[in-house]
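Spelled out, the chains give:
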Amino acid sequence: MALRVSDLTVHYRTLRGAVKALDGVTFEVGDGEILGLAGESGSGKSTLGKSLIRMDGRMRHVGGTVELDGKELPIGDDGAMNRFRYKEVSLIPQYAMSALNPTRKIGKMVADLLDSHGVRYKSVEEELGRRLDLVELPAEVLGKYPIELSGGMKQRMVMVISTLLDPSLLIADEVTSALDVSTQKAVATTLAGFRNRGFVKSMIFITHDISLTHQIADTIMVMYAGKLAEKAPADTVVRAPRHPYTKALINSLPEVGVQYAERKLAGIPGSPPSLLNPPAGCRFRDRCPLAFDKCGEQPPAVEVAPGHLVACCKA
Amino acid sequence: MRQYFGRKLLIYALTFFAAVTINWMIPRFMPGDPIQGLVARAQVADPASVDAMNAHYRNLFGLDVPVWEQYMNFWGALLRGDLGLSIWAFPTPVSDLIVRAIPYTLALLIPAILLSWWAGNRFGAFAARRKWLDNTILPVGYILTATPYMWLALLLAWSLAIVAGIFPVSHAYSFSLTPSWSPEFLGSLLAHWVLPFASLFLVMFGGWAIGMRNLIIYELEADYSNYLLALGARGKLVRDYAFRNAVLPQITGLALQLGTIVAGALVTEIVFSYPGIGYLILQAINSQDFFLLQGVFLFIVLGVLIANFIIDAVYTLVDPRTRVRLQGAGA
């Protein structure tokens, strides 16, 4: 197993108390696997992604462990984590358009970054050229400033930079949310290509767009209010979801060829609970059409079929 | 690039023309008549003599022709490098007065501005990542910057010069000495320079430090900083990047300050009776000296324009975004 996350709990410190953004999440990502992480805003998917590479100042590691290739990641210790960043765990951020220092030539910035990890620029220069070629960027971009590149070029540049040292785990955090639909597909395919060529061993692809995830992910994990709702092979999640939340999420997607003037697109009524003081029991209970007495207790994630985990007592 | 600077030069030329015209007009709109003051100084009682003197002086200063002709004559003289005679220090030429005052102003302001800029930026960047500094020294900076400058200068003069007697209170050198390159005279010059310099440095330092602190905090939270930190870049690299980007607006601020250098520090020079350009402005206004005022203002306009032009050029070197805009984006 490339990545093994057990019972990970992460809170945000706020003036009103701890926001329990991630509450005992357990899952695994295998070698060569692309895990699609889906959920609405506030479900904890971005918090999970950040926890695995760099927590921001307000986040606190409360409990649980993260193991990558058999070694435990010191996720709560910013200094100790530096050894693993970039080489073992890397990130393609949501803000790829502004991720490059505007006053530094891109090649120089890459050299500075490599230097931080004791890697000589010369030793990877050739590989860098090959990868730029792969994403159809001319080698001249290295001598340019970020402002001289288009948005799509910057996006591809960041993808190449983030994966340059062949990290074991790549976290792609909402990388497609700022792109138009045709570019979204291209970016997703490029990322899958990186995995196929072995640039990255495994990947967590965070998005709120289940249909896009379905195109590249092997497994999809759906989160709700800081907890795992359902995790299954991508096809199973889309075609035969078991958790009522996943079902509602899939149902709220538009289908090709359907006139929504005649049939209204289903949404999910209500909104997720506050994570400042989350209610006991199943967190989807208030919005769930199937809820009954037993939902007052937290349902454990049960393996209903091989590789298919569902946290619902009705499933 | 050439087109960019050509256009800039044209704008600067137009600005120069307009500013100099306004400078010519301002003293002439002031109430009162400078010639009367000059004649009164001679203490002549005989009305005929007074009339004769009036006529003589009006002719001498070129005030006996219509206003539009005075304006033409003014430009003509200016292009020949002639700034006219001072009324206040009659009959010293204005250019002599300015040349005499400029070394004092420059020796006071250039070190004060440059050193406070450098030290303030360094300190602000440093304070931004030290909580205790942020909480202790920075409020002092706020107080320094918010203090009316005049009051701070007076306080310094009072405490360090009058009460403690460490430094002399006023003037640029001791009147018991004649200007020369002797160590004694240079020492006196330095001792007189410390207080006005320190008062300027303190106030400007606070301003730069606060500005830099805020800018650097903003840059350290920018996306490129977060990206580098997530990829485990050394803290020093991220801070260096942030500093370089944060310093850009500060360069503009420096340009504006440098431009006003030639105006002298009016209040400083008055408080410490320091014989720089600011002191000249005060004298010129007091004695309605059109020509001295015009001459000093001309220097200020030139100073601001030249400083701005230099900064325009520096900006194209330090900020690639300006350069790209000049040449048109690549792809």
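Source: prediction; values computed, not measured. Every chain is numbered on its own, with residues counted from 1 as its sequence reads. Whichever chain is written first becomes A and whichever ligand is written first becomes 1, with later ones labelled in order. Given that this is a predicted model, residues contribute local features only at a pLDDT of at least 70 and side-chain atom pairs are listed and counted only at 80 or more, while totals for whole chains, interfaces and linings are drawn from all residues. Derived side-chain values reflect all non-hydrogen atoms in the structure, with water molecules and hydrogen atoms excluded from consideration.

Topic: the sheet that holds strand E8 (residues 202-206) of chain A
Residue and element names in this part refer to chain A.
- Strand order in this open sheet of eight strands is E6-E7-E8-E3-E9-E10-E12-E11, and the pairing throughout is mixed. The open sheet has two edge strands with one neighbour each: strand E6 (89-92) and strand E11 (302-305). Recorded for the sheet is a direction-independent mean angle of 25° between the axes of neighbouring strands.
- Two strands pair if DSSP finds at least two bridges between them. Each helix corresponds to a stretch of at least 4 residues labelled H or I by DSSP, and each strand to a stretch of at least 2 residues labelled E; elements are numbered beginning at the N terminus. For E11 and strand E12 (residues 308-310), the ladder comprises three bridges, and the chain directions are antiparallel. Of the residues in E12, the one forming a bridge with Glu303 is Leu309.
- Sheet strands touched by helix H1 (residues 45-53): strand E3 (34-38), E6, strand E7 (169-173), E8 and strand E9 (219-224). Its angle to E7, the strand with the most contacts, is close to 145°.
- Set on the sheet, helix H5 (residues 151-162) makes contact with E6 and E7; between it and E6 the angle comes to about 175°. Every axis corresponds to a line fitted to the C-alpha atoms, with the helix fit spanning only the stretch in contact, and the corresponding angles, defined between N-to-C directions, vary from 0 to 180 degrees. In this description, contact between two residues means that some pair of their heavy atoms is separated by no more than 4.5 Å.

Some words on the interface of chain B and chain A
- Each side of the interface is counted separately: chain B has 23 residues, and chain A has 30 residues.
- Summed over both partners, the accessible area lost on bringing two parts together, with a 1.4 Å probe, is the buried area. Carbon and sulfur atoms make up 58% of the surface buried where chain B meets chain A, a total of about 2500 Å² over both sides.
- Of all residues in chain B, Tyr227(B), Leu231(B) and Tyr241(B) give up the largest surface area on contact with chain A, accounting jointly for 28% of the area buried on that side.
- Salt bridge, as used here: a side-chain nitrogen of Lys or Arg that lies within 4 Å of a carboxyl oxygen of Asp or Glu. Linking chain B to chain A there are one salt bridge.
- Where Arg234(B) meets Asp115(A), a salt bridge forms, and the shortest distance between an N and an O atom there is 3.9 Å.
- Pairing of N or O atoms within 3.5 Å defines a polar contact, subject to two protein rules: one partner must be a possible hydrogen donor and the other a possible acceptor, and residues neighboring in sequence count only if both atoms are side-chain atoms. The interface formed by chain B and chain A includes 12 residue pairs in polar contact (both at pLDDT 80 or more).
- Of all the elements in the fold, those that place two or more residues in the side of chain B that touches chain A are helix H9 (223-230), helix H10 (235-259) and helix H14 (320-327) of chain B.

A closer look at the UniProt feature "domain: ABC transporter" (unreviewed entry) in chain A
- UniProt positions are given in the numbering used here, feature names are shortened, and annotations may be inferred rather than shown by experiment. Sites flagged by UniProt as "domain: ABC transporter" (unreviewed entry) map to residues 3-250 of chain A.
- Here residues 3-250 of chain A runs as 35% helix and 28% strand, with 27 Å between its end C-alpha atoms.

Quick word on a nonpolar patch on the surface
- Together, Trp151(B), Leu155(B), Trp158(B), Ile162(B), Val163(B) and Val169(B) make up an exposed nonpolar region whose accessible area comes to about 620 Å².
- Along the chain, the position of Ile162(B) falls in helix H7 (residues 149-163). Patch membership is restricted to residues that have no salt bridge and whose relative accessible area is over 30%. Joining uses 9 Å for like charges and 5 Å for the nonpolar side chains Val, Leu, Ile, Met, Phe, Trp and Tyr. The protein chains shown are the only cover counted for residues, whose accessible areas, like all others here, come from Shrake-Rupley with a 1.4 Å probe.

Some remarks on the environment of Lys314(A)
Residues and elements named next belong to chain A.
- Mapping Lys314 onto the fold places it in the segment after E12.
- In this structure, the C-alpha to C-alpha distance between Lys314 and Ser274, residues 40 residues apart in sequence, is 24 Å.
- The contacts of Lys314, once residues within four sequence positions are left out, are Leu290 and Phe292.

Details of the pairing of strand E1 (residues 3-14) of chain A
Residues and elements named next belong to chain A.
- Bridge count for E1 against strand E2 (residues 17-29) is eight bridges, and the pairing is antiparallel. Paired with Tyr12 across the two strands is Val19, which belongs to E2.
- Once E1 ends, the chain turns through two residues before running back antiparallel as E2.
- Two strands pair when backbone bridges link them, and E1 and strand E4 (residues 59-68) are joined in this way by eight bridges, in the antiparallel orientation. Note on E4: the bridge partner recorded for Leu3 is Leu68.

Re the domain arrangement of chain B
All names here are of chain B.
- Taken domain by domain, chain B comprises domain 1 (2-79) and domain 2 (95-327).
- The distance between the C-alpha centroids of domain 1 and domain 2 comes to 32 Å.
- Across the contact, 22 residues belong to domain 1 and 17 residues belong to domain 2.
- Where domain 1 abuts domain 2, roughly 2000 Å² becomes buried across the two surfaces, and 76% of that area is made up of carbon and sulfur atoms. Boundary definitions for the domains trace back to an automatic or database domain assignment.

A closer look at the UniProt feature "transmembrane region" (unreviewed entry) in chain B
Residue and element names in this part refer to chain B.
- Taken from the UniProt record, the annotation "transmembrane region" (unreviewed entry) applies to residues 9-26, 101-119, 140-169, 189-210, 254-277 and 297-318.
- Secondary structure across residues 101-119 divides into 100% helix and 0% strand, with the first and last C-alpha atoms of the span separated by 27 Å.
- Taken end to end, residues 297-318 comprises 100% helix and 0% strand; its first and last C-alpha atoms sit 31 Å apart.

Focus: the packing of aromatic side chains
All names here are of chain B.
- Here the aromatic set is Phe, Tyr and Trp, taking the six-membered ring for Trp, and pairing holds for ring centres within 6.5 Å; pairs whose planes are under 30 degrees apart are stacked, those over 60 apart are edge-to-face, and all others are tilted. Under the definition given, this model contains 19 aromatic pairs over all chains.
- Aromatic pair Phe5 and Phe309: ring centres 5.7 Å apart, planes at 65°, arrangement edge-to-face. Of the two residues, Phe5 sits in helix H1 (residues 2-29) while Phe309 sits in helix H13 (residues 290-318), which places them 304 residues apart along the sequence.
- Between Trp193 and Phe197, the aromatic rings sit 4.4 Å apart at their centres with planes inclined by 15°, giving stacked as the arrangement. Here the residue Trp193 and the residue Phe197 both occupy positions in helix H8 (residues 183-220), the gap between them amounting to four residues, near one helical turn.
- Think of it in three bands: residues with accessible area under 20% of the maximum for their type are buried, residues over 50% are exposed, and the middle band is partly exposed, with areas taken using a 1.4 Å probe on protein chains only. Phe197 sits in the buried class, given a relative accessible area of 13%.
- Put simply, the rings of Phe16, Phe17, Trp24, Tyr71, Phe74 and Trp75 pair up and form one aromatic cluster.
- Counting as a charge over the ring demands two things of the Lys NZ or Arg CZ atom: a distance within 6 Å of the ring centre and an angle within 35 degrees of the ring normal. In this structure, Arg28 packs its charged tip against the face of Phe291, placed 6.0 Å from the ring centre.

Observations regarding the packing of H8(B) against H10(B)
Residues and elements named next belong to chain B.
- Where H8 meets H10, the closest approach of the two axes is 9 Å, and the angle between their N-to-C directions is 140°. By the angle class used here, H8 and H10 are oblique. With respect to the hand of their crossing, H8 and H10 are arranged in right-handed fashion. Contact with H8, carried on its side by Met204, Trp208, Gly211, Met212, Leu215, Ile216, Glu219 and Leu220, involves Val238, Arg239, Ala242, Phe243, Asn245, Ala246, Val247, Pro249, Gln250, Gly253, Leu254 and Gln257 of H10 and no other residues of that element.
- Class assignment of the residues belonging to the contact of H8 with H10 gives a composition of 13 nonpolar, five polar and two charged. Oblique is the label for every angle not falling under 35 degrees (roughly parallel), over 145 degrees (roughly antiparallel), or within 65 to 115 degrees (roughly perpendicular). Left-handed describes a crossing whose near helix is turned anticlockwise from the far helix by less than a right angle; the clockwise case is right-handed. Amino acids outside the nonpolar list (Ala, Val, Leu, Ile, Met, Phe, Trp, Tyr, Cys, Pro) and the charged list (Asp, Glu, Lys, Arg) are all regarded as polar, and Gly is one of them.

Points about the pattern of salt bridges
- Counted under the stated rule, the structure contains 22 salt bridges over all chains.
- Among the ionic contacts, a cluster of salt bridges with common partners joins Glu126(A), Glu127(A), Arg130(A), Arg131(A) and Asp166(A).

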